[in-house]
Amino acid sequence: MQTQEKISALRTAMQQTGLDAYIVFGTDPHQSEYLAAHWQHRAWISGFKGSAGTVVVTSHEAGLWTDSRYYLEAEQVLADSPITLHRQDEPGVLSYPEYLCAKLKPGAAVGCDAACLSLSQRRSLTGRLNEVGIRLRPGDDLLGPLWEARPPLPKAPAYAMQAEFVGATRKEKLNRLRAASPVAPDMEYFVTALDEIAWLLNVRGQDIPYNPLIVSYLVVHPTGATWFVNEEKLNEQLKKELELDSITIAPYGEAREFIAERPESGIVVADPSSFSCMMADALPHGARLVEHLNGVAGMKAIKTEHEIELLRNCMARDGVALLRFLRAAEEAAPREELTELSAATLLRELRATDPRFVEESFATISGYLEHGAVVHYSVTAESALTLKAEGLYLIDSGGHYLDGTTDITRTISLGPPTEEARRDFTLVLKGHIALARLSFPAGVTGTHIDAVARLSLWKEGRNYGHGTGHGIGFFLNVHEGPHRISPTLNSVPLEPGMLVSNEPGLYRAGHYGIRTENIVAVQKDRRTEFGEFLSFETLSLCPLDQQLIDTSLLDEAEITWIDEYHQRVRERLAPHLENSELEYLYAKTKALRTTPRSTA
């Protein structure tokens, strides 16, 4: 079926069920960002595969809403499509709830798959639609019956984390959750988010590309727990370990039935941001649902010192792989031996030589020249440019290792850079350094400090359209909440042990993109008469391209930061290198203070 045929079939199903509009969310029953093929409804109907986006279909129109990271990708996908692109957050562009309010008449009904709508989303969307007399009617998945050859539920095996790579045992984590429950001890805590389940149980899997997760639900009882997971995923050793920890196994498909069978006096605790209204509506009358926002997510976000020490070592090995890659790219460019696609493959191969490497943590963003300006550019064999001895190349990549998850971006010049490119790069770097050096009061959120990374750009009339930082899991999702550094309001304070990316950027459409990204750990800094202050420890280890740095734009403190960072990179990576690789490392991490200041 072509896109128009799919939309026509959906409209027929809408008419049969009395719906005036239907929303297709880009998620699954666990509110995941990255999806197993079985739940890629939005990609099926629209062709758009970005990690953020919503499709709305009415009787006469169809639209896709996505953010600035995906504008260019969405434009290309929807070029010959009946689906209109709505550039979310741009001035004058209605959000999809506002669009529905504007397009539909009072009394209209809007449907969606109840399994893919969280309680928080339903509350927000219902409130907005009710203002103009429109009803939200979550119900069955209307796309499922239309989807020919729909991929089945994933069946990849699950496995237990080795003890040396975990911050706490599963018993310890489950007991912490019970103690943190707002209605302990007579509760049943229903965990929906897949990364939270993997973290609690110290298990990993392969059900979702780039995410070591297992499709499942978990219910934590006052004593013991029930894991709703298809049993064929589990080996005998893992079953025995779970049994010793009083964890029983039940089929994945029986989770909703479990909810429906709760006693009338029962209490279920759940996170409204991931608990679906399909599950909530299955609760019998009289049973009580207690919402606990970020209950597991908040605990998972704070890494132990053991995990951070593991990650420090992981970052050094990851940095070696990236250093070798950057050298290979620079050497191959004059001979035009690498494309954006083969370069991404080479980087994966270099990471895979590490015995602790498991898989990439996301699809590598390998953007040369104008492709670097596409924030989440997805290279294909058809689109891949050949790297040449000119222009800027942006490589945003990461890996899942048994001892941590990495995410790092470097921008390099494959030939003599222009003065504009050097200025842009240095302004981005100034923002990166400002955030890396920041000391801030405890209780501050990422929203409070996002502007710190933008000030140097703002002074020159420049900006970037994405957030400055996202949380990172420990051998888990590369995008992790509940904290972030972004202009978008976030009420979660940064706390010691949290990991977050530091990634300001600048993008000149049709020319190049620049982004400098390291992972940092929140740490205690000092206590003064005004209270406790926190700061960041930069964990990622890879040289910055010094030919792109205009030292005339830097102050002494910024130069000192770069030199000290490069000294640390040199000290941590050198033990893994020898001969010409070691010489390359030294050349790339030489002190700026020995380099004459630019007069440009």
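Small disclaimer: the values here were computed from a predicted structure and weren't measured.

1. Brief notes about the sheet that holds strand E11 (residues 225–228)
Item 1. On the basis of which strands lie adjacent, the open sheet formed by six strands has the order E12-E11-E10-E8-E13-E14 and mixed pairing. Lying at the two open borders of the sheet, with one neighbouring strand each, are strand E12 (247–250) and strand E14 (288–291). The sheet shows a mean angle of 25 degrees between the axes of neighbouring strands, direction not considered.
Item 2. Where E11 lies against E12, four bridges are found, and the strand directions are parallel. Its bridge partner being in E12, Phe 228 is matched across the sheet by Ala 250.

2. Considering the side chain of Glu 340
Item 1. Along the chain, the position of Glu 340 falls in helix H13 (residues 340–351).
Item 2. A polar atom in the side chain of Glu 340 sits 2.8 Å from the backbone nitrogen of Tyr 368.
Item 3. Sequence-distant contacts of Glu 340, that is, excluding residues within four places in its chain, are made with Ser 366, Gly 367, Tyr 368, His 371, Tyr 377, Val 379, Ser 383, Ala 384, Leu 385 and Leu 387.

3. Re the layout of surface pockets
Item 1. There is about 270 Å³ of room inside the second largest pocket.
Item 2. Lining the second largest pocket are 16 residues; nearest its centre among them are Ser 68, Ala 373, Val 375, Gly 465 and Tyr 507.
Item 3. Residue assignment for the lining of the second largest pocket shows that the elements contributing at least two residues are helix H3 (71–77) and strand E25 (505–508).
Item 4. Of the residues forming the lining of the second largest pocket, the biggest block, three residues, is contributed by E25.
Item 5. Among the residues making up the lining of the second largest pocket, the classes are represented as nine nonpolar, four polar and three charged.
Item 6. Formed jointly, the lining of the second largest pocket draws a minimum of three residues from each of two domains, domain 1 (3–146) and domain 3 (302–588).

4. Thoughts on helix H7 (residues 194–201)
Item 1. Buried residues dominate H7, accounting for eight of its eight residues.
Item 2. Residues Leu 194, Asp 195, Glu 196, Ile 197, Ala 198, Trp 199, Leu 200 and Leu 201 constitute the buried set of H7.
Item 3. Trailing H7 by a residue or two, Asn 202 shows a phi angle of about 55 degrees, which is positive.

5. What about the nonpolar core?
If you look at soluble globular proteins, the nonpolar side chains tend to sit buried side by side.
Item 1. Formed by 73 residues in total, the largest nonpolar core has its most connected members in Ile 23, Leu 100, Val 110, Phe 190, Val 191, Leu 218 and Trp 227.
Item 2. With six residues, H7 is the single largest residue contributor to this core.
Item 3. There are two domains that each give this core at least three residues, and those are domain 1 (3–146) and domain 2 (159–300).
Item 4. Residues contacting Val 110, with those up to four places away along its chain left out, are Leu 19, Ala 21, Ile 23, Leu 100, Leu 104, Leu 129, Ile 134, Arg 135, Leu 136 and Arg 137.

6. A closer look at helix H1 (residues 3–16)
Note on helix geometry: an α-helix contains 3.6 residues per turn, so any two residues three or four positions apart are oriented the same way.
Item 1. Taking 1.5 Å per residue as the helical rise, H1 with its 14 residues ought to reach 20 Å, and the 20 Å between its terminal C-alpha atoms agrees with that figure.
Item 2. What H1 keeps buried is the set Lys 6, Ile 7, Leu 10, Ala 13 and Met 14. Considered in projection along H1, the buried side chains sweep an arc of 120 degrees and stay on one side of the axis. Exposed positions of H1 whose direction lies more than 90 degrees from the buried face are Gln 15 and Gln 16.
Item 3. The inward-facing, buried residues of H1 abut strand E1 (21–25), helix H2 (41–46), strand E2 (54–58) and strand E3 (62–66).
Item 4. Positive phi shows up at Gly 18, right after H1, with a value of about 75 degrees.

7. Quick look at the domain arrangement of the protein chain
Item 1. What the domain assignment reports for the protein chain is domain 1 (3–146), domain 2 (159–300) and domain 3 (302–588).
Item 2. The centre of domain 1, based on its C-alpha atoms, is set 29 Å off from the matching centre of domain 2.
Item 3. Contacts between the two partners involve 17 residues from domain 1, matched on the other side by 22 residues from domain 2.
Item 4. Summing both partners gives a buried area of about 1500 Å² for domain 1 against domain 2, and 59% of it is carried by carbon and sulfur.
Item 5. Joining domain 1 to domain 2, the criterion identifies two salt bridges.
Item 6. Where Arg 123 meets Glu 291, a salt bridge forms, and the shortest distance between an N and an O atom there is 2.5 Å.
Item 7. Counting every contact that joins domain 1 to domain 2 gives ten residue pairs in polar contact (both at pLDDT 80 or more).
Item 8. Counting residues per element, the side of domain 1 that touches domain 2 draws most heavily on helix H5 (residues 119–130), at four residues.

Rules behind the numbers
- Residues numbered from 1 in each chain as written.
- Predicted model: local features only at pLDDT ≥ 70, side-chain atom pairs only at ≥ 80, totals over all residues.
- Heavy atoms only, no water.
- Pairing = 2+ DSSP bridges.
- Helix = DSSP H or I, 4+ residues; strand = E, 2+ residues; numbered from the N terminus.
- Axes fitted to C-alpha atoms, helices over the stretch in contact; angles between N-to-C directions.
- Polar contact = N/O pair within 3.5 Å; in protein donor to acceptor, adjacent residues only side chain to side chain.
- Contact = heavy atoms within 4.5 Å.
- 1 Å grid on protein atoms, 1.4 Å probe; cavity = no way out; pocket = protein on both sides within 12 Å on 5 of 7 lines; lining within 4 Å.
- Points joined across faces, edges and corners; volume = space filled by probe spheres on them.
- Nonpolar A, V, L, I, M, F, W, Y, C, P; charged D, E, K, R; others polar.
- Domains from an automatic or database assignment.
- Buried < 20%, exposed > 50% of the residue type's maximum accessible area, 1.4 Å probe, protein only.
- Core = buried A, V, L, I, M, F, W, Y, C linked by side-chain atoms within 4.5 Å.
- Expected span 1.5 Å × (residues − 1).
- Arc of directions from axis to C-beta.
- Buried area = accessible area lost by both parts, 1.4 Å probe.
- Salt bridge = Lys/Arg side-chain N within 4 Å of Asp/Glu carboxyl O.

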